[in-house]
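Close look at the chain arrangement
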Amino acid sequence: MEIHDYEKLWLGLALLLIVGFIATVAYGAVGAGVAMVDDEGGTVDPNALDQHPKFSDPGVYESGDGEYDVYVIARQYMFQPGTQEPIEVPANSTVTFHVTSADVIHGFEVVGTNANTMAIPGEVATITVEVSSPGKYGLLCNEYCGGGHHGMEGTLRVVPRTEFNGTEVSG
Amino acid sequence: MSTFVDRYPDEARVVRATLVVSFAALGIGAFFGLIQALHRTGYLRIIDSTDYYTVLTGHGVLLALVFTIFFLLGLFTWAVTRSLERPMPNIRLTWAWFGLSTTGAVFAAVAIVAGLFPSLDMSADVLYTFYAPLQAHPLFYIGLAMFIVGTWIAGADWFLAYRSWRSDNPDERIPLQTFMVLTTMLMWYLSTIGVAVSVVVFLIPWSFGLIETVNPLLTRTLFWYFGHPVVYFWLMPAYLMWYTILPKLAGGRLFSDPLARVVFVLFLLLSTPVGIHHQYLDPGIAEGFKFIAMTNTMFLLLPSLLTAFTVVASMEHGARQRGGEGYLSWLGSLPWRDPAFTGMALAGLMFAAGGFSGMINAGMNINYLVHNTLWVPGHFHLTVGTAVALTMMAGSYWLVPQLTGRRLYSRPIALFQVVLWFIGMVFMSNGMHRAGLLGIPRRTAEPQYQSFDFSATIGSVTELRIQMAIGGTLLFVSVVLFLFNVLLSAIEDPIEMPVDDSLPAPLSGADGSPVVLDNLRLWTAIAIVLVILAYSLPLASIVSDGGLFGESGTFPVFIEAVYWIVGVVV
């Protein structure tokens, strides 16, 4: 087959670029520890969330020293907790969000960060984030979920450890 | 000398009919786009925000499916006829697929637009991605199914034409344009299986109430099984024009026929086993499957990078034939006054930019920053919205005269139109990409929220909104100019040779390439194996976790929910 020299050079550089991209993603996963949302969260019956040990009372649960689990239900058009009362977590901690949906497909995005996942009925998405200094973040649904989609928002508050009282925000 | 319409009058009639449907969809879809651009930036609000999603569905379906695919149906019919140098084997079959797909498209469009009229009790505001458990009227799903079956029959029509050519020419290489059509259609057959299963097995029975629930992750995965290859289905007609028409317009000829074949074979092999890259953020799919999709996606850059080389090299060759010299000053020798050339060249330039933002999307960890933000529509307005749409409009300035036997009404207006599209898209896609980096979501009527603001580090959110509104308006004006120009061209007086419709032979011809490239059975078999490798395990896992029909709640629940949100806001 007749391939021009410049074409061969271009082909080589293109392959190098592609392998380089794959290498950076692989490094991100293994070296930098960027974990993907995957099937680790397991499944749940979206019609029986009230019988689930945690989703029946969604909110913040302490799971270890400086480690917290946050259970969030997305439904048309609110986050529970998040919308009617903010999700509150202490500063300088490791927080794992467990997000599911009670009705249609939603998104769960902490604005201005890469904490971002889909909420699909029957599936539980888990994302773990390192929370540093106190502050207030917006939460929004970024997947179209019906005519009131644009009103679906919430708040995540990172509070100083001394002000944090886990039991208050649960539920 | 005679032009296409004189040699193949029956085929020219079908192609013109497909272009009429295509351009009608373009006009309506672009108008919906204008309404959206002004609504979500807040400059002009003539619809309710809940209707925004109906308009958005119309914009997506009419432009991304109807405009692009009907143009493809016409272009491919033209390409097969002219490159095999024989009429279609059975023109009734050709009209049959045209009728079926047009009826289907009209059904889907009616179901969508009816959503704007509450008294009709019909809606389909499920967006272009139409996945459950949001539910549309059955007419929407039935229309889409008819439309897809119409494209299948069109593919069969082209394969029959090829078969009859092959029996007369047993030892010749497949003509390049026909080769491109056939490989694209094989990719399409393979990838539409997913959406066909989703619509026929699950969504249609569900929308009629025959089954109560669907598995949202399963129907979503089946949609994306088709949802990325469809991107290449839009792109391949643009590639066909870049490879076979653009070099001639530039004043030269295609650089390499063999490499063009390699590129199309790579698209056949790699287009389908990548759809899971739209689901990087979906729970219920293991990281390993996402990694496989990511690797395939990255390798899918290869045919596009090879195309970038060939297109630029062919343009340079053309410029040098026209007397161009120097490292870069040959660019000045290109026929920039020819709207067909300039439109395609600008489309190619935009595609490079869109390719780079696509590389970001494909990187599965960086994707977290931009997933479901305005960055994504910013990206695909460069790829589908410019590389494909602008190439189709520019190509029409060269194609329509040979299909009608009449000259183009105005070349200056045409030139202005393609440049205006380019400028409009620079504004709009720049605004969208940057807004996405701030976390502003896509698919929303009201990007402002009650309890927080988005903050820009460079410029301001207001400036981005102005850019999007200006860009969207310029794009709409550009479409109006295009439609106006093509319409007036149809009432010009017929002339014998309205455009030079000959295509020169490539510099490196098909004879220089291995015969195995034309072995379509082999490539199809490999493509099927790759699809099975990428999809069998994830699909099995989704079904075993969530069941074939899922167990999600009662739908649709829009009405109550809308009242609920109104109650909260008021």
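The text that follows walks through the structure, step by step, so that each part is easy to find. (Residues numbered from 1 in each chain as written. Chains lettered and ligands numbered in written order. Predicted model: local features only at pLDDT ≥ 70, side-chain atom pairs only at ≥ 80, totals over all residues. Heavy atoms only, no water.)

Each helix and strand in chain A was counted, giving 2 helices and 10 strands. From first element to last, N terminus to C terminus, chain A shows the α and β order α-β-β-β-β-β-β-β-β-β-β-α. Along the first, second and third principal axes, the C-alpha set of chain A runs to 70 × 40 × 30 Å. Long-range pairs, those at least 24 residues apart, make up 66% of the contacts in chain A with a sequence separation of at least 6. Split by element, the accessible area of chain A, about 7,100 Å² in all, is 51% carbon and sulfur. (Helix = DSSP H or I, 4+ residues; strand = E, 2+ residues; numbered from the N terminus. Contact = heavy atoms within 4.5 Å. Areas by Shrake-Rupley, 256 points an atom, 1.4 Å probe, with all protein chains shown as cover.)

This part covers unusual backbone geometry. Following Q76 of chain A, the chain continues into Y77 of chain A via a peptide bond in cis, with omega recorded as -10°. Among the secondary structure elements, Y77 of chain A is positioned in the loop between β2 (67-75) and β3 (78-80). Of the consecutive residues Q80 of chain A and P81 of chain A, the connecting peptide bond is found in the cis state with omega at -5°. Mapped onto the fold, P81 of chain A is located in the loop between β3 and β4 (87-90). Despite not being glycine, N92 of chain A has its phi angle at roughly 50°, a positive value. If you trace the backbone, N92 of chain A turns up in the loop between β4 and β5 (93-101). With a phi angle near 65°, L127 of chain B is a residue other than glycine that sits in the positive phi range.

Geometrically, a pair of aromatic rings is defined through the distance of the ring centres and the angle of the planes. Residues and elements named next belong to chain B. Applying the stated criterion across every chain, the model contains 42 aromatic pairs over all chains. Between the aromatic rings of F70 and F147, the centroid separation amounts to 5.6 Å while the plane-to-plane angle is 10°, which identifies the pairing as stacked. In this pair, F70 is assigned in helix α3 (residues 52-84) and F147 in helix α5 (residues 138-168), connecting sequence segments 77 residues apart. Classification of F147 by relative accessible area gives buried; the value is 3%. For the ring pair F223 and W224, a centre distance of 4.9 Å and an interplane angle of 85° mean the geometry is edge-to-face. Neither residue differs from the other here; F223 and W224 are each classed as buried. Following the ring pairs from residue to residue traces out a cluster consisting of Y128, W188, F223, W224, F226, F233 and W234. If you follow R261 out to its NZ or CZ, it ends over the ring of F179, 5.1 Å from the centre. (Phe/Tyr/Trp six-rings, centres within 6.5 Å; stacked < 30°, edge-to-face > 60°. Buried < 20%, exposed > 50% of the residue type's maximum accessible area, 1.4 Å probe, protein only. Lys NZ or Arg CZ within 6 Å of the ring centre and 35° of its normal.)

Our focus in this paragraph is the interface of chain B and chain A. By a frequent convention, interface size equals the accessible area lost on bringing the separate parts together. Of the residues lining the interface, 77 residues belong to chain B; the matching set on chain A comes to 70 residues. Carbon and sulfur atoms supply 69% of the area that chain B and chain A bury against each other, a total of about 6,100 Å² over both sides. If you sort the residues of chain B by the area they bury against chain A, P283, F309 and Y368 of chain B come out on top, with a joint share of 12%. Our enumeration of links across chain B and chain A arrives at 2 salt bridges. Linking chain B to chain A there are 15 residue pairs in polar contact (both at pLDDT 80 or more). Looking at the side of chain B that touches chain A, the elements with two or more residues in it are α7 (216-227), α10 (257-270), α11 (287-299), α12 (301-321), α14 (367-370) and α19 (558-569) of chain B. In the side of chain B that touches chain A, the residues fall into 47 nonpolar, 20 polar and 10 charged. (Buried area = accessible area lost by both parts, 1.4 Å probe. Salt bridge = Lys/Arg side-chain N within 4 Å of Asp/Glu carboxyl O. Polar contact = N/O pair within 3.5 Å; in protein donor to acceptor, adjacent residues only side chain to side chain. Nonpolar A, V, L, I, M, F, W, Y, C, P; charged D, E, K, R; others polar.)

What follows is about the environment of F427 of chain B. Residue and element names in this part refer to chain B. Its location among the elements puts F427 in helix α16 (residues 411-437). Judged by its relative accessible area of 32%, F427 is partly exposed. Placed 211 residues apart in sequence, F427 and P216 show a C-alpha to C-alpha distance of 36 Å.

All names here are of chain A. Taking strand neighbours across the sheet as the criterion, the 5 strands line up as β4-β10-β9-β6-β7 in an open arrangement whose pairing is mixed. Of all the strands in the sheet, just β4 and β7 (116-119) have a single pairing partner and so form its edges. With strand direction ignored, the average angle separating the axes of adjacent strands in the sheet is 20°. In terms of strand pairing, strand β9 (residues 135-140) meets strand β10 (residues 153-159) through 6 bridges, oriented antiparallel. Its bridge partner lying in β10, K136 is registered against R157. (Pairing = 2+ DSSP bridges. Axes fitted to C-alpha atoms, helices over the stretch in contact; angles between N-to-C directions.)

All names here are of chain B. A grouping of Y43, L44, I46, V419, I423, F427, I466 and I470 is seen on the molecular surface, where their side chains present a nonpolar patch of about 670 Å² in accessible area. Elements with a contribution of two residues or more to the nonpolar patch: α16 and α17 (461-489). Given the relative accessible area of 58%, I46 is considered exposed. (Patch = residues over 30% accessible without salt bridge, like charges linked within 9 Å, V, L, I, M, F, W, Y side chains within 5 Å.)

Turning next to the nonpolar core. Grouped together as the largest cluster of nonpolar side chains are 240 residues, with contacts concentrated most on W78, F130, F140, W158 and Y239 of chain B. If you tally residues by element for this core, the top one is α3 of chain B, at 22 residues. Excluding its chain neighbours within four sequence positions, the residues that come into contact with W158 of chain B are L72, L73, F76, T77, V80, M88, W97, V181, L182 and M185 of chain B. Residues V44, F55, Y71 and A102 of chain A belong to the second largest nonpolar core, which totals 7 residues. (Core = buried A, V, L, I, M, F, W, Y, C linked by side-chain atoms within 4.5 Å.)

The next thing to look at is a negative patch on the surface. A cluster of acidic residues, E62, D65, E67 and E130 of chain A, forms a negative patch at the surface. Here E67 of chain A shows up in strand β2. (Lys, Arg positive; Asp, Glu negative; His and termini not counted. Charge placed at Lys NZ, Arg CZ, Asp CG, Glu CD.)

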